[in-house]
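# Observations on chain architecture
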Amino acid sequence: MKLRIYEENEPVLRLKAKPISKITKRIRELAKNMLETMYHANGVGLAAPQVGISERLIVIDVGEGPLILINPKIVEKEGQDRDVEGCLSIPGRSEYITRAAKVKATGINLDGKPITVEGEGLLARALQHEIDHLDGILFIDYLKEQK
Ligand code: NI
């Protein structure tokens with residue numbers, strides 16, 4: 001089921017999302033619906049607050065298949081990379097944003113197993129962008145400090 005994507009001015013996008021303590025059917029369905037919503041919108045990532053759910057779940061697909069991360073955390077960052085970035089919650093806008101070039105993230109998958117994801121390029125950018133959403137941060141927030 002395709003979900004409504006919340007936009008920039010909606011308060012849920014500014015909340016600190018809650019950790020997920022139990023992987024229920026609701027969470028599995030949410031992940032599935034978020035992927036469907038992301039693919040339909042031609043996005044490479046989506047965070048639960050973007051569909052109005054203030055919980056720590058992100059989905060990403062940078063062309064290597066779907067990645068679902070619950071309670072994700074960036075545990076290592078390396079280097080810098082400046083590239084164009086957009087967000088499904090801020091349609092029609094893209095800006096150059098400086099991010100870490102390589103990251104390592106941890107989280108749990110839908111089976112409740114701990115997973116580690118290492119990425120560079122678009123995957124590193126997507127991980128940082130989506131995890132930011134869980135802390136109420138939007139990419140445009142970096143524009144002021146990076147100018
Ligand atoms: Ni976004």
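A brief look at the structure comes next.

What follows concerns the coordination of the nickel ion. Around the nickel ion, the protein contributes the donor atoms Cys-87 (SG), His-129 (NE2) and His-133 (NE2), which lie 2.0 to 2.2 Å from the metal centre. For the nickel ion, the single-chain donor residues occur in sequence as C-x41-H-x3-H. Taken together, the residues span a long stretch of sequence, with Cys-87 in the loop between β4 (81–86) and β5 (94–99) and His-133 in helix α2 (residues 121–134) at a distance of 46 residues.

With that settled, the discussion passes to the nonpolar core. Counting residues in hydrophobic clusters, the biggest one holds 16 residues, and the most contacted among them are Ile-58, Ile-60, Leu-67, Val-117, Leu-123 and Leu-127. Of all the elements in the fold, those that place two or more residues in this core are β2 (57–60), β3 (67–78), β6 (102–108) and α2. Tallying contributions element by element places α2 first for this core, with six residues. Beyond its immediate sequence surroundings of up to four residues, Val-117 is in contact with Leu-67, Leu-69, Val-103, Lys-104, Ala-105, Leu-123 and Leu-127.

Spatially, five strands are ordered β1-β2-β3-β6-β7 in an open sheet, and the strand pairing comes out antiparallel. Every interior strand has two partners, whereas the edge strands, β1 (45–47) and β7 (114–120), have only one. Pairs of neighbouring strands in the sheet enclose a mean axial angle of 35 degrees, with direction left out of account. Inspection of the sheet shows β6 paired to β7 by seven bridges, in the antiparallel sense. Residue pairing across strands places Ala-105 opposite Val-117, the latter belonging to β7. Of the strands in this sheet, β1, β2 and β3 are in contact with helix α1 (residues 25–40), which crosses β2 at around 40 degrees.

What counts and how
Residues numbered from 1 in each chain as written. Predicted model: local features only at pLDDT ≥ 70, side-chain atom pairs only at ≥ 80, totals over all residues. Heavy atoms only, no water. Donors = N, O, S within 2.8 Å, 3.2 Å for Na, K, Ca; no water. Helix = DSSP H or I, 4+ residues; strand = E, 2+ residues; numbered from the N terminus. Core = buried A, V, L, I, M, F, W, Y, C linked by side-chain atoms within 4.5 Å. Buried < 20%, exposed > 50% of the residue type's maximum accessible area, 1.4 Å probe, protein only. Contact = heavy atoms within 4.5 Å. Pairing = 2+ DSSP bridges. Axes fitted to C-alpha atoms, helices over the stretch in contact; angles between N-to-C directions.

Worth remembering: the numbers are spatial, not functional.
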